[in-house]
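# Topology and contacts: notes
Below are the chains, spelled out letter by letter.
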Amino acid sequence: MSIKKMNALLCQSVDTRQLALSEVDVPTPGPDEVLIRVKFCGVNFPDTLITRGKYQFQPELPFAPGQEVYGEVISTGAQVDHVHPEEMVLASMTWGGFAEFAIAKGVNTYRMPPGARPESAAALLETYATAYHALQDRAEIKPGETLVVLGASGGTGTAAVQLGRVLGCKVIAVASTEAKRQFALENGADDALGYDNLKAQLKAMGGCDVIFDPIGGVSSEQAFRAIKPGGRHLIIGFASGNVPAIPWNLPLLKSASIVGVFWGSFWRNQPDDNRRNVLQLLNWLEAGRIDVKVSHVMPLKDGEKALEAIEKREVQGKLVLSV
């Protein structure tokens, strides 16, 4: 490839989250990696954390955030043989997606399914793979069970609502505004609730078997107090900014489990299991059984505005940057 330089939206400081469009060298893929010319990049809540210095991994400054992309394969390392130059792919990485070219591990790079929208492909992996890992692997959810999804209009919440229906569950969405609750119902939820008196509302509906919780804060304990015996409370993240401290007697009295979900660790440490999950998601995407809800497509230069919108919880579904 003759192109040696590229534009990337770099985080210059995690203290002030100073992002600037800069010219940098095009990266070179390692033996197990793929170089992708990025067309679209999904924007996710972890991108807000990593640019604030609050994520589990922290790259050296300056760096481009961005954990999932759709684009064209430019070159591959010697160990990669399932995708090839000029093929269109979707891929996930820990950072580096807010750029004209990005590097992904071959094991987390997938051919674009026929008929899928490019912007949807760019927004699939982080949220849907997280939600499917949570529901299928961590909760072992069963058809007929009741799934409660907190933050049901956000990225992972939207995915969990759809996947709950695909997996044969009754889905109760929880969201903060009437508009967000209507969005969740249109996305496939059976019922939609607000956060006020959440415990009483859920108990009045018969309780729940599985709680999908990317929010944290006071709503976590409220939901857990309505869980059925043998229930599973899935900890996805803490978008509220508050890590709850649930009394330990509650899991005992409820005979229920609090289950951590860390998809980043899963795909790194169990790549074959993750690949099985993603291929299933791609089959469902191609068949129209899941529909990635992309609310806005913004230019790369507006990446900072996109992160701020996610922090303020203004986004329904997913935001995508056009590169």
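As a reminder, the structure under discussion sits directly above these lines.
Residues numbered from 1 in each chain as written. Predicted model: local features only at pLDDT ≥ 70, side-chain atom pairs only at ≥ 80, totals over all residues. Heavy atoms only, no water.

### Brief notes about the pairing of strand S4 (residues 68-76)
- Among the nine residues in S4, seven count as buried, and that is most of the element.
- Summarising the sheet, strand S3 (residues 33-43) and S4 pair through eight bridges and their orientation is antiparallel. Residue Phe-40 lies in a different strand from S4, and its bridge partner there is Tyr-70.
- With five bridges joining them, S4 and strand S5 (residues 88-92) adopt antiparallel strand pairing. Counterpart to Glu-72 in the pairing with S5 is Met-88. (Buried < 20%, exposed > 50% of the residue type's maximum accessible area, 1.4 Å probe, protein only. Helix = DSSP H or I, 4+ residues; strand = E, 2+ residues; numbered from the N terminus. Pairing = 2+ DSSP bridges.)

### Focus: unusual backbone geometry
- Between Leu-61 and the following residue, Pro-62, the backbone shows a cis peptide bond with an omega angle of -10°.
- For Pro-62, the position within the fold is in the loop between helix H1 (45-50) and S4.
- Of note, Glu-86 is a non-glycine position whose phi angle comes to about 80°, a positive value.
- You can see Glu-86 is positioned in the loop between S4 and S5.

### Some thoughts on the nonpolar core
- Grouped together as the largest cluster of nonpolar side chains are 50 residues, with contacts concentrated most on Leu-135, Leu-147, Leu-163, Phe-212, Leu-234 and Ile-290.
- Broken down by secondary-structure element, the contributors of at least two residues to this core are helix H2 (118-122), helix H3 (125-138), strand S8 (146-150), helix H4 (155-166), strand S9 (170-174), strand S11 (208-213), helix H9 (263-269) and helix H10 (271-287).
- At seven residues, the largest contribution of residues to this core is made by H3.
- Excluding residues that lie within four positions of it along the chain, Phe-212 makes contacts with Ala-131, Ala-134, Leu-135, Leu-147, Val-148, Val-149, Leu-150, Thr-156, Gly-157, Ala-160, Leu-234 and Ile-236. (Core = buried A, V, L, I, M, F, W, Y, C linked by side-chain atoms within 4.5 Å. Contact = heavy atoms within 4.5 Å.)

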